[in-house]
Amino acid sequence: MLLLTPGPVQTHPSVRAAMDEDIAPWDAEFRPFYTSLRERLRDIAGGVEGVHATLPLQGSGHMILEAAIRTYVAPGATILVPMNGEYAVRIARLAREAGRVVVELPAEDTHAITPGAVAAALDAHPEATHLAMVQSETGSGIVNDPAVIGAVVRAAGRRMIVDAVSAFGALPMDLAAQPEMDAVVFTSNKCLESVPGFAFAVARMDRTEECAGQAGSWSLDLSDVLAQARRSGWGSLRFTGPVQTLRALEVALDRLDAEGGPAQRLTRYRANAARLYAGLCALGLRPYLNQAEQGPVVVTFHQPDGMDFHGFVGALKARGVNISAYYTTEAPTFRVGAIGDVGLAEMDRAVAAIAETLAAMGKLPAAA
Ligand SMILES: *Cc1c(COP(=O)(O)O)cnc(C)c1O
């Protein structure tokens, strides 16, 4: 089965095989291993030793996002969220339910956020201490640029949190150049090409310590994760986590290094996404995004009129290709991931399977 959901992704067999061992997470051998993994992730984020730290949390992307919001945005404080996609909607919900005030910056899910719109919104909302932004919007495929938006946030004297869950490991991130960034958050199972299990923030240590005590949650308090590291060492965990998945992540990071790092991985993903985009266009299908807005992570297309979506996903799976079983755009769409341990051959296989499936359903536009 070819897994082309935009996370979890197709992993290399060596990544999965690394989990085939029982681990004692509190023993002496585990500690240097965990410490080095944290340093490697900090380095991928462009973090600086002594300034930034990797703060892991077991669980999913939503959990690390909620933890970052709770940790860095004070209770009752205001956070500005540019609303150009489903994952922005989720940030807004997580923040509201945590008792933070959300100001939504309305935006279309077919265009990247512009620095001008953010500057105007920050100007209109001096009470907003933070901006939270999605780097790669996995609902549509567009990419927002944290460096460009961060410059505006920095100039306005505000702070920033970036959801890089479907970006980290491929799209650029340079924390050293972005002092306005409190934290960037991500998981092991998207562009890092490992299995789900752990989520991570790479964060400023000074801000994390300043913010101690305001999370309103022990489990989701990143300042407590840092305090634990200070107290008991960078190799220590607070609570039992899915530590076998950290072994998988180590192999996945080795593979990222072997590929040449995030820039090379991005090149592969761009080629994958371009192949999917062109292949699906050639079938007569209509892309959700203009080519200029199409990011490298997930490709979204309008469904042919009157198509049975769940029937399509099921029939495609029967042909060996597993895509996301839901869509989050207003218009009916389907989306195919371009990320994971996959290349052009897999993209071609996916396009061929989509063509066959639609033809069998009588919904192939090119044949109509
Ligand atoms: C996948 C994803 C999430 C949520 O991750 P879960 O692990 O499913 O909780 C958050 N933000 C973005 C941009 C994502 O792609």
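Rules used in this analysis
- Residues numbered from 1 in each chain as written.
- Predicted model: local features only at pLDDT ≥ 70, side-chain atom pairs only at ≥ 80, totals over all residues.
- Heavy atoms only, no water.
- UniProt positions renumbered as here; feature names shortened; annotations may be inferred.
- Buried < 20%, exposed > 50% of the residue type's maximum accessible area, 1.4 Å probe, protein only.
- Helix = DSSP H or I, 4+ residues; strand = E, 2+ residues; numbered from the N terminus.
- Pairing = 2+ DSSP bridges.
- Axes fitted to C-alpha atoms, helices over the stretch in contact; angles between N-to-C directions.
- Parallel < 35°, antiparallel > 145°, perpendicular 65-115°, else oblique.
- Left-handed = near helix turned anticlockwise from the far one by under 90°.
- Contact = heavy atoms within 4.5 Å.
- Nonpolar A, V, L, I, M, F, W, Y, C, P; charged D, E, K, R; others polar.

As recorded in an unreviewed UniProt entry, the protein goes by the name 2-aminoethylphosphonate--pyruvate transaminase, listed as coming from Roseococcus suduntuyensis. Under the UniProt heading Cofactor (unreviewed entry), the entry covering the protein gives this text: "pyridoxal 5'-phosphate".

Another point: the pairing of strand 6 (residues 159-163). Buried residues dominate strand 6, accounting for five of its five residues. Burial of the side chains of strand 6 extends over both faces: R159, I161 and D163 are buried on one face and M160 and V162 on the other. Pairing analysis gives five bridges linking strand 5 (residues 128-134) to strand 6, with the strands arranged parallel. Note on strand 6: the bridge partner recorded for L131 is M160.

On to the packing of helix 11 (residues 309-318) against helix 12 (residues 344-361), then. Between helix 11 and helix 12, whose axes approach to 9 Å, the crossing angle comes to 125°. With respect to helix 12, the element helix 11 is oriented oblique. Note that helix 11 runs across helix 12; the crossing there is right-handed. In this structure, helix 11 uses G311, F312, A315 and L316 to contact helix 12, whose residues at the interface are A353, I354, T357, L358 and M361. Residue classes in the contact of helix 11 with helix 12 are distributed as seven nonpolar, two polar and no charged.

Turning to the pairing of strand 8 (residues 198-204), a few remarks are in order. By the criterion of burial, strand 8 is predominantly enclosed, with seven of the seven residues buried. Where strand 7 (residues 181-187) and strand 8 come together, five bridges link them in antiparallel fashion. When the sheet's bridge partners are listed, T187 is paired in strand 8 with A199.

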